Amino acid sequence: MMSANTGATILENKDESPKMPDKKKTKFDIVIIGAGPSGYTAGIYSSRAGYDTLILSGILPGGQLVNTTEVENYPGFEKGIMGPDLMIEMRKQTQRMGTTIIDDEVVDVDFRHKPFKVLTASEEYEGRAVIIATGANPRKLGLAGEQTFAGKGVSYCATCDGPFFRNQELIVVGGGDSAIEEATFLTKFATTVHLVHRRESLRASKIMQDRAEKNNKIKFHWNSAVIDIKGDQKMQQAVLKNIKTGEEKTLNVGGLFVAIGHEPNTKLFKNQIDLDNEGYIILKNKTHTNIEGVFAAGDVHDRNYRQAITAAGFGCMAAIDVDKYLTDSSEK
Ligand code: NAP
C-alpha cells in the first residue's frame with residue numbers, strides 16, 4: 001500500500017451512509033473510539049452480536065489507510081484495492097450491520113465509573129463497555145518533500161510498499177529495530193538499501209544489527225540526515241548531510257522509507273489507562289486494559305505487526321472479549 005495524501009476521498013463518500021445516526025441517542029452498549037480497520041471490525045462483530053454499538057470516528061475516519069494508495073495485501077481483493085476505498089467498504093459494511101457511526105472527535109473520557117463516559121465537544125456518550133481503537137501514526141521527518149512525495153516514493157511501511165520498488169536503490173531512515181527490519185526486508189526487492197542514521201551506532205537489537213551488517217545490499221550512512229527530497233512526478237533523489245562534517249551528497253533513489261518510530265494516539269487516556277513508556281496501551285489479558293470493561297485493539301497497543309489485517313483481527317478479538325464481558329457481567 002503506497003502512502004499518499006488521499007484523505008479527501010473518504011470524506012466525499014461519507015454521504016453514501018445507508019443509516020443516519022440518531023443525534024439524540026447517547027447511551028450505547030459499546031462505544032468504540034476510532035474508525036480504522038480495528039474499530040470498524042469491532043463494530044461489525046459487536047453489532048452482529050446484537051449490541052447497540054457506537055463508533056466515534058474522529059474527524060478523518062479511516063485511519064492510516066486513508067493516507068495510502070494501493071493495498072495489495074488485504075485478503076479478498078484479487079487485484080488489490082485503494083486504501084481509501086477499502087475503508088469506505090469497511091464503513092458501509094459496519095453501518096449495514098447496524099453500528100451507529102458519528103464523525104466527531106473525542107475530547108475526553110471518564111472510565112472511573114460505569115457506565116463509561118466518552119465526550120466530544122458537544123455531546124456526552126455512555127457505554128457499558130468501551131473499545132479503544134485510536135491507532136498510531138508514524139513519526140515524520142518534517143521535510144517539505146516528505147509530503148510532496150508521499151505515495152510517490154516516500155513510504156512509512158516497507159511490508160506494505162516494498163514490492164512496488166523492485167530493482168531500485170532505496171533509503172531507509174532510522175536506527176531502531178524497525179529501520180533494520182525494514183532495510184533487511186527491502187533488500188529482497190532493492191538493488192541497494194542506504195540506511196541513513198543520525199548517530200554512529202544503532203539502537204536496534206544486536207542480532208538484527210549483525211544480520212544487517214552481513215547483508216551486502218545494505219550500505220550504512222552514519223551521523224547523517226536526509227535534508228531534502230527531490231523529483232518530478234515521483235521522488236528521484238535524496239540529499240544527505242553528514243551532521244558532524246557538514247558534507248552533503250545526493251543519492252539517486254526511487255524510494256525513501258521513514259522508520260523512526262510511531263506515536264500511539266493515547267493522550268486522551270493518559271491518567272486512566274496503563275500505558276508503557278512509549279505511550280502504547282498495556283494489555284492485561286488478551287484485549288483487556290487495566291480497567292475492567294475497557295478494551296483496546298490495533299496499533300494503539302501493537303507496535304510489532306502494524307498491518308491493516310492484524311488491526312482488523314485485534315478488532316474482532318476485542319469485540320468477542322467485550323461480548324464475553326457483557327454476558328458475564330451482572331449488568332446484562
Ligand atoms: P525506536 O526504537 O524508537 O527507534 C527509532 C529510531 O529512529 C532511532 O534510531 C532514532 O534515533 C531514530 N529517530 C527518531 N526520530 C528521528 C528523527 N526525527 N530523525 C532521524 N532519526 C530519528 O522505534 P522503532 O524502531 O520503530 O521500534 C519501536 C519499538 O518496537 C522498539 O521497542 C523496538 O524494539 C520494537 N520493534 C521490534 C521489532 C522486532 O523485534 N522484530 C521490530 C520492530 C520494532 P536515535 O537512535 O538517535 O534515538
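Predicted model only: the values in this text are computed from it and were never measured.

On to the site of the ligand. As a matter of local geometry, the ligand sits amid 16 residues, with D177, S178, E181, R199 and R203 nearest to it. Here G175 contributes a backbone N or O atom positioned 3.0 Å from an oxygen atom of the ligand. Between D177 and the ligand, the recorded distance is 2.6 Å, taken from a side-chain N or O atom to an oxygen atom. Burial of the ligand by the protein amounts to 75% of the accessible area it has alone, namely 910 Å². Of the residues that constitute the shell around the ligand, the class distribution is two nonpolar, seven polar and seven charged. In this structure, the shell around the ligand is formed jointly by two domains, domain 1 (8-137 + 262-331) and domain 2 (140-258), each of which donates at least three residues.

The subject of this paragraph is the UniProt feature "domain: FAD/NAD(P)-binding" (unreviewed entry) in the protein. Within the UniProt annotation, "domain: FAD/NAD(P)-binding" (unreviewed entry) is assigned to residues 28-312. Secondary structure content for residues 28-312 is 21% helix and 30% strand, and the end C-alpha separation is 22 Å.

With that settled, consider the domain arrangement of the protein. Once the domains are mapped, the protein shows domain 1 (8-137 + 262-331) and domain 2 (140-258). Residue-level contacts link five residues of domain 1 with five residues of domain 2. For the pairing of domain 1 and domain 2, the buried interface totals around 480 Å² over both sides, and the portion due to carbon and sulfur atoms is 41%. When the buried surface of domain 1 facing domain 2 is broken down by residue, E72, R306 and Q307 rank first, second and third, together holding 56% of it. Here domain 1 is connected to domain 2 by zero salt bridges. Summed over the shared surface of domain 1 and domain 2, the number is one residue pair in polar contact (both at pLDDT 80 or more). Among the residues making up the side of domain 1 that touches domain 2, the classes are represented as no nonpolar, two polar and three charged.

Here the structure, examined in full by the defined rule, presents seven aromatic pairs. Between Y74 and F77, the ring centres sit 6.4 Å apart and the planes meet at 45 degrees, which makes this aromatic pair tilted. Overall, Y74 belongs to the buried group, its relative accessible area being 16%. By relative accessible area, F77 is classed as partly exposed at 29%. Ring geometry for F111 against F116: centres 5.7 Å apart, planes inclined by 85 degrees, an arrangement best described as edge-to-face. Its relative accessible area of 0% is what places F116 among the buried residues. An aromatic cluster is present here, built from F111, F116 and F269 joined pairwise through their rings. Geometry around Y156 places K140 over its ring, the cationic atom sitting 5.5 Å from the centre.

Here a disulfide denotes a covalent bond joining the sulfur atom of one cysteine to the sulfur atom of another. The full count for this structure, using the stated rule, is one disulfide. Each sulfur in the disulfide pair C157 and C160 lies 2.0 Å from the other. Measuring the twist about the S-S bond at about 70 degrees, one finds the C157-C160 disulfide to be right-handed. Residue classification places C157 among the buried positions, given a relative accessible area of 15%.

Scored by pLDDT, the protein comes out at a mean of 91, with 92% of its residues at no less than 70. Note that pLDDT drops below 50 for residues 3-16; the model gives that stretch 44 contacts with residues more than four away or on any other chain.

Each regular strand shows side chains that alternate between the opposite faces of the sheet. Bridge count between strand β15 (residues 235-242) and strand β16 (residues 248-252): five bridges; the pairing is antiparallel. Residue pairing for β16: Q237 is matched across the bridge by N252.

Quick look at the sheet that holds strand β10 (residues 154-155) now. With respect to topology, five strands assemble into an open sheet ordered β10-β17-β11-β12-β13, the strand pairing being parallel. Edge positions in the open sheet fall to β10 and β13 (218-221), since each of these has one partner strand only. Examined bridge by bridge, β10 and strand β17 (residues 255-258) share two bridges and lie parallel to one another. Each bridged residue has a counterpart across the sheet, and for S155 the counterpart in β17 is F257.

Rules and cut-offs
Residues numbered from 1 in each chain as written. Predicted model: local features only at pLDDT ≥ 70, side-chain atom pairs only at ≥ 80, totals over all residues. Heavy atoms only, no water. Near = heavy atom within 4 Å. Polar contact = N/O pair within 3.5 Å; in protein donor to acceptor, adjacent residues only side chain to side chain. Areas by Shrake-Rupley, 256 points an atom, 1.4 Å probe, with all protein chains shown as cover. Nonpolar A, V, L, I, M, F, W, Y, C, P; charged D, E, K, R; others polar. Domains from an automatic or database assignment. UniProt positions renumbered as here; feature names shortened; annotations may be inferred. Helix = DSSP H or I, 4+ residues; strand = E, 2+ residues; numbered from the N terminus. Contact = heavy atoms within 4.5 Å. Buried area = accessible area lost by both parts, 1.4 Å probe. Salt bridge = Lys/Arg side-chain N within 4 Å of Asp/Glu carboxyl O. Phe/Tyr/Trp six-rings, centres within 6.5 Å; stacked < 30°, edge-to-face > 60°. Buried < 20%, exposed > 50% of the residue type's maximum accessible area, 1.4 Å probe, protein only. Lys NZ or Arg CZ within 6 Å of the ring centre and 35° of its normal. Disulfide = S-S within 2.5 Å. pLDDT = per-residue confidence, 0-100. Pairing = 2+ DSSP bridges.

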